[in-house]
Amino acid sequence: MFFGQTREWLRELGVPGCDPDTNTMVSGRTFSDGCHWRFEAPTVNTVQAVETLLSESVRRGFTINRVTETFGLSRHTLSEIRDYVALGREYGAQILMSVGPRAIYDIGATVQTQEGVRIGYRLRGQEQLVRAIEDVRRAVEVGVQGFVLHDEGLLSVLGRLRAAGKIPSDTHLKISAHCGLGNGAAAQVLERLGADSLNPVRDLTLPMIAALRESVLIPLDVHVDNTKTSGGFVRTYEAPEFVRVASPVYLKTGSSALAGHSTRATAEQTEGMLRQMEITAEFMARHYPQARQSPSAKAGS
């Protein structure tokens, strides 16, 4: 193999020297409950959509373990945030909400340009960092226990505030795909900064995802399908493979039914999300039945 010395240096640093051969690879790692995978419903930006997804999934016989909101906390009323929390408790689903301040909502023009789009959702200036922390404080006060983060600096600050007892010790910090995570060294940096789960960019190959699993211990959040605005690909047949090489893993499923990120789903789109999750659950049972999905985490159970 070419570049042997560089690959050896990476291995000495605890970083994979290449994307591994995944033909026979099995992660073998699990969540704390001994299970291998969980369902995540991404981009669920109205209380009505949360209620429909969770109630209908029960009726149809599959479990949604996590719901992520991506519109932004500062664009929801406190009453709406409380409703998200209450529905999560009722159905035993983890609720993660995203901080509102981000580059695309700011007054700066750079992120709107062809070159500046690389900024993604990162925070622009210290005032936006302050506002992002205020978003978290406001949500913690009404029971939100986990957050979707788009900025490495915010992750670093929240990780240290959590360690210092300024926010609850069980606060979950999830890194969004909008941070652009794509290699094992970057994954290790984010894990050290306090990330509890990592969402890599959506178009990584199976060996690339496997290299991330070799690099960190925390769960990976992998997109099974995507909106057209982020590629539009549907990887249903790869869902069992994701679990095989990357467990513990959240299968982020259903967003191919949506118009885009940070949008509010219509009733028809919510139904499309449910159908895609139901299909993926069928594929998991058909092709990888030995992989176990975590049950719902009912409050008090």
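This is a predicted model, so every value here is computed, not measured.

**Observations concerning the overall build of the protein chain**
Each helix and strand in the protein chain was counted, giving nine helices and eight strands. Taken over C-alpha atoms, the radius of gyration comes to 19 Å for the protein chain, in line with the 19 Å a tight globule of 301 residues would show. When its C-alpha atoms are laid out on the principal axes, the protein chain stretches across 55 × 45 × 40 Å. Here the protein chain, with 301 residues, has 54% of them falling under the buried criterion.

**Looking at helix H3 (residues 78-91)**
Taking 1.5 Å of rise per residue, the 14 residues of H3 would be expected to cover 20 Å, and the 20 Å separating its terminal C-alpha atoms lies within 8% of that figure. When we look at burial in H3, the residues that qualify are Ile-81, Tyr-84, Val-85, Leu-87, Gly-88 and Tyr-91. Angularly, the buried residues of H3 cover 160 degrees about the axis, an arc narrow enough to put them on a single face. Contacts from the buried residues of H3 go to helix H2 (47-60), strand E3 (94-98) and helix H4 (126-140).

**Considering the nonpolar core**
Soluble globular proteins tend to pack their nonpolar side chains together in the buried interior. The biggest cluster of nonpolar side chains holds 72 residues, and the ones touching the most others in it are Leu-149, Leu-154, Leu-198, Leu-220 and Leu-251. Excluding its chain neighbours within four sequence positions, the residues that come into contact with Leu-154 are Val-99, Leu-123, Leu-129, Ala-132, Ile-133 and Leu-149.

**Looking at empty space enclosed by the protein**
Taken as a whole and judged by the stated rule, the model has two cavities of 30 Å³ or more. Roughly 150 Å³ of volume is contained in the largest cavity. Reported here for the second largest cavity is a volume of approximately 40 Å³. Forming the boundary of the second largest cavity are Asn-199, Pro-200, Val-201, Arg-202, Leu-204, Ile-209, Asp-221, Val-222, His-223 and Arg-235. Take the lining of the second largest cavity: its biggest share by element is three residues, from strand E7 (residues 220-223).

**Side note on the side chain of Thr-68**
Relative to the elements of secondary structure, Thr-68 occurs in strand E2 (residues 66-68). Dropping the residues within four chain positions of it, Thr-68 is found in contact with Glu-40, Ala-41, Pro-42, Thr-43, Val-44, Leu-96, Val-148, Lys-174 and Lys-252.

Criteria and thresholds
Residues numbered from 1 in each chain as written. Predicted model: local features only at pLDDT ≥ 70, side-chain atom pairs only at ≥ 80, totals over all residues. Heavy atoms only, no water. Helix = DSSP H or I, 4+ residues; strand = E, 2+ residues; numbered from the N terminus. Rg over C-alpha atoms; globule rule 2.2 N^0.38 Å. Buried < 20%, exposed > 50% of the residue type's maximum accessible area, 1.4 Å probe, protein only. Expected span 1.5 Å × (residues − 1). Arc of directions from axis to C-beta. Contact = heavy atoms within 4.5 Å. Core = buried A, V, L, I, M, F, W, Y, C linked by side-chain atoms within 4.5 Å. 1 Å grid on protein atoms, 1.4 Å probe; cavity = no way out; pocket = protein on both sides within 12 Å on 5 of 7 lines; lining within 4 Å. Points joined across faces, edges and corners; volume = space filled by probe spheres on them.

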